[in-house]
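The lines below spell out each chain.
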Amino acid sequence: MDINGCAALVTGGAGGLGEATVRRLVADGVNVVIADLADDRGEKLAADLGDRAIYVRTDVLDDASVAAAVETAQSRGGLRLAVAAHGGWAAQMRVLGRDGSPMPQQLFDKTVALYLSGTFNVLRQSAAAMARLEPQDSGCRGVIVNTASIAAFEGQIGQSDYAAAKGGVVGLGLAAARDLSAVGVRVVTIAPGTFFTPAFQMEEEEAQATWGSSVPFPKRMGRPAEYAALVATIVDNDYLNGETIRIDGAQRFGPK
Ligand SMILES: NC(=O)c1ccc[n+]([C@@H]2O[C@H](COP(=O)([O-])OP(=O)(O)OC[C@H]3O[C@@H](n4cnc5c(N)ncnc54)[C@H](O)[C@@H]3O)[C@@H](O)[C@H]2O)c1
């Protein structure tokens, strides 16, 4: 697809992977809606990027809020790309604590709501907007990029909620791609390894020592711009659909 002059919506657009995606899309001539809850970072990013970017405070768990972000994008050249890159929270608890007590159910539900239900909320409302657009010459009306994690396949100790939510995002991909084939909307899932972003809540040097050293090659954490480059490739290549693409430097998580 060529989405130059069209619009994109990026949830978590003020976060690490989201911001890199927003910057890449603006550089590629796309009008971007930064859909996030982080007002300060979102407003600042939009101001940095000029007219092509706008911040719309968005909670992916709130229907009306997502609808407003989608409509803003639709009015800025037609929504052709939705990237779900929100997140940054997980319980980080084992199923059973040291004292044998089970992890609270509401923490599991909170994680699944944020990553899986929130992603579906963005997908379903974006797809409806894309379906109202004329198809491009290729027949494609739009593309939805969801963000899973390699934890969907290799969930580590303390990641039961996160791994289950991300596994759900992987499962969603093909089913949604099949549903949306009727309207020419593609769905592609990215499963990142470890990318240095604010989600790690530590200095880069420490994060690289902890996480980068276990990556076969390149022996470092991923760069958010590399995630953004994959989004651009997915947009560009109409034959990518219904698949989950790992971007992880051949990293495979062990139990810890
Ligand atoms: N960084 C990594 O190594 C990595 C690896 C695998 C998967 N991922 C996934 O990529 C996505 C982005 O990760 P990141 O590292 O950029 O995180 P981040 O914490 O840097 O950014 C996440 C952004 O999402 C926003 N957000 C949180 N809740 C929201 C909500 N309800 N509605 C809208 N926005 C909300 C936050 O304000 C933040 O700006 C997440 O889904 C994460 O699980 C990241």
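Since the model is a prediction, treat every value here as computed from it, not as a measurement.

J.: I tried to follow the overall build of the protein on my own but got confused; where do I start?
T.: If you tally the helices and strands in the protein, you get 7 helices and 7 strands. When its helices and strands are written in sequence order, the protein yields β-α-β-α-β-α-β-α-β-α-β-α-α-β. For 256 residues, the compact-globule estimate of 2.2 N^0.38 gives 18 Å, and the C-alpha radius of gyration of the protein, at 18 Å, lies within 12% of that figure. A buried classification covers 46% of the 256 residues belonging to the protein. The long-range fraction of contacts in the protein, counting pairs at least 24 apart against all pairs at least 6 apart in sequence, stands at 70%.

J.: Help me understand the nonpolar core in this model?
T.: One finds Ala8, Leu9, Val32 and Ile34 to be the most contacted residues of the largest nonpolar core, which totals 72 residues. Sort the elements by how many residues they give to this core and helix α4 (residues 105-131) lands first, with 8 residues. Dropping the residues within four chain positions of it, Ile34 is found in contact with Val10, Gly13, Ala14, Val22, Gly42, Leu45, Ala46, Ala53, Ile54 and Tyr55.

J.: Explain the site of the ligand here, please?
T.: For the ligand, the set of nearby residues contains 29 residues, the closest of which are Gly12, Gly15, Gly87, Gly88 and Thr197. Counting residues per element, the ones that place at least two in the shell around the ligand are α1 (16-27) and α4. Each residue belonging to the shell around the ligand can be placed in one class, and the counts come to 13 nonpolar, 14 polar and 2 charged.

J.: I'm lost on unusual backbone geometry in this one. Help?
T.: As a rule of thumb, non-glycine residues mostly have phi less than zero, and peptide bonds are mostly trans rather than cis. Residue Pro218 is reached from Phe217 by a cis peptide bond, and omega for that bond is -10°. Positionally, Pro218 belongs in the loop between α6 (204-210) and α7 (224-236). Within the chain, Ala250 stands out as a residue other than glycine whose phi angle is a positive 70°. Ala250 sits in the exposed class, given 10 other C-beta atoms within 10 Å.

J.: Help me understand the packing of α1 against α7, please; the structure alone is not making it clear to me.
T.: Relative orientation and spacing of two packed helices are given, respectively, by the angle between their axes and the distance between those axes. Between α1 and α7, the least distance of the axes is 8 Å, while the angle of their chain directions is 55°. Our classification of the angle between α1 and α7 gives oblique. Taken as a pair, α1 and α7 cross one another with a handedness that is right-handed. Residues Gly16, Leu17, Glu19, Ala20, Thr21 and Arg24 of α1 form the contact with α7, whose own contacting residues are Pro224, Ala225, Tyr227, Ala228, Ala229, Val231 and Ala232. Here the contact of α1 with α7 is built from residues that sort into 9 nonpolar, 2 polar and 2 charged.

J.: Got a minute to help me understand the sheet that holds strand β2 (residues 31-36) in this structure?
T.: The strands making up a sheet associate through hydrogen bonds between their backbones, and the pairing can be parallel or antiparallel. The sheet built from 7 strands is open, its strands ordered β3-β2-β1-β4-β5-β6-β7 with parallel pairing. Looking at the sheet topology across the chains shown, the edges are occupied by β3 (53-57) and β7 (244-247). Between one strand axis and the next, the sheet turns through 20° on average, direction left out of account. Along the sheet, helix α2 (residues 39-49) contacts β2 and β3; its crossing angle with β3, the most-contacted strand, is approximately 165°. Against the sheet, helix α3 (residues 63-74) makes contact with β1 (7-11), β2, β3 and β4 (79-84), and its axis sits at roughly 155° relative to β1, the strand it touches most.

J.: I keep staring at α3 and nothing clicks. Help me out?
T.: Taking 1.5 Å of rise per residue, 12 residues should cover 16 Å, and α3 covers 16 Å from first to last C-alpha, within 8% of that figure. All of the buried residues along α3 are Val66, Ala69, Val70, Ala73 and Gln74. Projection of α3 onto a plane perpendicular to its axis shows the buried side chains occupying an angular sector of 140°, all on one side. Against β1, β2, β3, β4 and α4 lie the buried residues of α3.

Here is what the cut-offs are and how they apply
Residues numbered from 1 in each chain as written. Predicted model: local features only at pLDDT ≥ 70, side-chain atom pairs only at ≥ 80, totals over all residues. Helix = DSSP H or I, 4+ residues; strand = E, 2+ residues; numbered from the N terminus. Rg over C-alpha atoms; globule rule 2.2 N^0.38 Å. Buried ≥ 20, exposed ≤ 12 C-beta atoms within 10 Å, placed from the backbone. Contact = placed C-beta atoms within 7 Å. Core = buried A, V, L, I, M, F, W, Y, C linked by C-beta atoms within 7 Å. Near = placed C-beta within 6 Å. Nonpolar A, V, L, I, M, F, W, Y, C, P; charged D, E, K, R; others polar. Axes fitted to C-alpha atoms, helices over the stretch in contact; angles between N-to-C directions. Parallel < 35°, antiparallel > 145°, perpendicular 65-115°, else oblique. Left-handed = near helix turned anticlockwise from the far one by under 90°. Pairing = 2+ DSSP bridges. Expected span 1.5 Å × (residues − 1). Arc of directions from axis to C-beta.

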